[in-house]
Amino acid sequence: MAAKTVARAAEESAYTDSEEFKNYIGGEWVKSAKERTFEQRNPASLSEITGIFQASTEEDTRNAIAIAEKAFPSWRGTSPPDRAEILKRARNHMVARTEELAKVLTLENGKTLAESRIEINAAIKEIEFQIGEGLRIYGETVPTSQEGVFAYSVREPLGIVGVISPWNFPFNVPSRKCTPALLAGNTVVFKPASLTPQTGLRFAQLFIDAGLPPGVLNLVTGSGKDVGDVIVSDPRVKAVSFTGSTDVGRRIQQRAALNLTQTQLELGGKNPTVVLEDADMEAAVSATVLAAYACAGQWCTSTSRAIVVKEALKEFTERVVEKAESLRVGNGQDPAVAMGPVCGPAQLKTILAYIEKGKEEGAKLLTGGNRLTGPDFDDGCFIEPTVFGNVTSNMTIAQEEIFGPVLSIMAVKDFDEAVEVANDIRFGLSSSIYTHDLRRALTFLEKTEVGLAHVNLPSALKEPQLSFGGIKESGSGIPEGGKAGIEFFTKHKVAYVKYR
Ligand code: NAP
Ligand code: MG
């Protein structure tokens, strides 16, 4: 019955007949050849099925790749300004459908409606910037050393590219990847995360309604093994842009290497916010709480470690705990709610296990730590905003990505130790420092081992005009976004012409 409720919302489109959502391959909505399906459930109320989706097979995926291959020559033959026109129309649909898209995002992911709107607005800004960049796919002309020889370089599309996206930013991540890929003249096979397939389908629908020719963007739902792995290991796929966990990213890089398929990997994080004794305490506390608990701590750029010098520790801890306790947790559809559920039972279990581990290893639970219970919570995946104190670098909760609403406060004696602790981690995605001391702020920026660093700003802040990617085990390859956005999806060709 619940499945019907949501399928009805999609009746205006062709994604679905009755209750089943389909794949989009070669300009048509089609079922998986084996007719197997899987269901998605609302993390705020698990008894609600939000949709039934194709559990696609290797055969379906290879079919999508074949169709993308067939569509490539004619898409490549279109001009960048013509491609940009189509993408501008997709952008306009995003604007017009923000509310409808936000509802689906909240239904599948659990984040609050306000957070879903922010995600869609961010995607709109990114697509606008990338459209501009797509019109500037510049090559070079350079003087040569030979008489009567003219030399230049151009940038060409790669061919078929694979896009594999996660559930935590199920709209913005595919947008950030598919837009430059398409603008550069590539065709795409896109696999959304299995926890958020409908958001993926709605994303594809924007491009279909914008008039993207059949076969240029293909969407296949299904598991990482049956769909993701096939995309990555098929030699016809020339590049894979992936956002997700470090373990899956590492495996993708290994598989892709066999065919020299290029990869762009945006992976996990364990991001520090450093607080010095001269920090604007209100700003530091607000930024930490925002970046620790927004989207229930499931941003790849969430702050999960607050590294605080001893002079500031007492005040910072008290204020963070107070703010964390004031956050209202509940169904993200309720505008009064500040933090929604975590995205599904598997996440819930993992996060609760990390909390137990933190207690076992001697961290001090300052607030939270429990699954929420009661009539409003029993059917969903709700966890209290959690703060641990007395956390040290050797503890599991200080080293592994929990990906939930759990903040570890780590005390240090001074700035030098703060930098050491901040870098004592295998990840390198984002970081932040709160201080008014220019010398220490710039020293931190010089020494912090991340792709995205901040001073007096939350660890998650990013804008579309600059690239986005991690180092160490947080990422590999050319980063996304900014000027790099198009770069990853093109190859360089150099030509020498003797004309005299
Ligand atoms: P995940 O388990 O790695 O899954 C990501 C995507 O990969 C999903 O579409 C998944 O499909 C697919 N996949 C799984 N196994 C695969 C395989 N063997 N081959 C190819 N694809 C496979 O990550 P997640 O749990 O969805 O997302 C959370 C992680 O993403 C966190 O670690 C977070 O830090 C990271 N993240 C990073 C960034 C960044 O920019 N650095 C941004 C957002 C999230 P299924 O859904 O079907 O399993
Ligand atoms: Mg996963």
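Being a predicted model, the structure only gives us computed values, none of them experimental. (Residues numbered from 1 in each chain as written. Chains lettered and ligands numbered in written order. Predicted model: local features only at pLDDT ≥ 70, side-chain atom pairs only at ≥ 80, totals over all residues. Heavy atoms only, no water.)

Trainee: Describe the site of ligand 1, naming the residues involved and giving the relevant values.
Mentor: In the vicinity of ligand 1 lie 30 residues, with Ser-165, Ser-194, Ser-245, Leu-267 and Glu-401 positioned nearest. In the environment of ligand 1, an oxygen atom lies 2.8 Å from a nitrogen or oxygen atom belonging to the backbone of Ser-165. Within the contact set of ligand 1, an oxygen atom lies 2.9 Å away from a side-chain nitrogen or oxygen of Lys-191. At the level of secondary structure, the elements contributing two or more residues to the shell around ligand 1 comprise helix H8 (224-233), strand E12 (237-243) and helix H9 (246-257). (Near = heavy atom within 4 Å. Polar contact = N/O pair within 3.5 Å; in protein donor to acceptor, adjacent residues only side chain to side chain. Helix = DSSP H or I, 4+ residues; strand = E, 2+ residues; numbered from the N terminus.)

Trainee: For the sheet that holds strand E16 (residues 364-367), give the residues involved together with the corresponding values.
Mentor: The sheet built from 7 strands is open, its strands ordered E16-E17-E18-E15-E14-E20-E21 with mixed pairing. Each edge of the sheet is formed by a strand with only one pairing partner; in this case those strands are E16 and strand E21 (452-455). The mean inter-strand angle of the sheet, taken between neighbouring strand axes irrespective of direction, is 20 degrees. In the sheet, strand E14 (residues 271-275) pairs with strand E20 (residues 430-434) via 3 bridges, with the strands oriented parallel. Directly across from Val-274, in E20, lies its bridge partner Ile-433. Against the sheet, helix H11 (residues 310-326) makes contact with E14, strand E15 (303-309), E16, strand E17 (386-389) and strand E18 (406-412), and its axis sits at roughly 145 degrees relative to E15, the strand it touches most. The sheet strands contacting helix H12 (residues 345-360) are E16, E17 and E18, and the helix crosses E17 at an angle near 25 degrees. (Pairing = 2+ DSSP bridges. Axes fitted to C-alpha atoms, helices over the stretch in contact; angles between N-to-C directions. Contact = heavy atoms within 4.5 Å.)

Trainee: Run through the side chain of Thr-301, naming residues and quoting values.
Mentor: Mapped onto the elements of the fold, Thr-301 is located in the loop between helix H10 (281-293) and E15. Beyond its immediate chain neighbours, meaning those up to four positions away, Thr-301 contacts Asn-271, Leu-429, Ser-430, Leu-452, Ser-459, Ala-460 and Phe-468.

Trainee: Could you give me a rundown of the confidence of the model for the protein, with the residues and numbers involved?
Mentor: Segments scoring low in pLDDT should not have their predicted coordinates read at a detailed level. Averaged over every residue, the pLDDT of the protein is 96; residues scoring 70 or more account for 96%. Taken together, the stretch residues 1-12 has pLDDT below 50 and engages in 22 contacts with residues farther than four places along the chain or on a different chain. (pLDDT = per-residue confidence, 0-100.)

Trainee: Let's hear about the nonpolar core: which residues, and what values?
Mentor: Judged by nonpolar contacts, the single largest core of 56 residues is most densely connected at Val-274, Tyr-293, Ile-307, Phe-316 and Val-391. Per-element accounting of this core gives the leading share, 7 residues, to H10. Residues contacting Ile-307, with those up to four places away along its chain left out, are Pro-272, Thr-273, Val-274, Val-275, Met-410, Val-412, Ala-418, Val-421 and Ala-422. (Core = buried A, V, L, I, M, F, W, Y, C linked by side-chain atoms within 4.5 Å. Buried < 20%, exposed > 50% of the residue type's maximum accessible area, 1.4 Å probe, protein only.)

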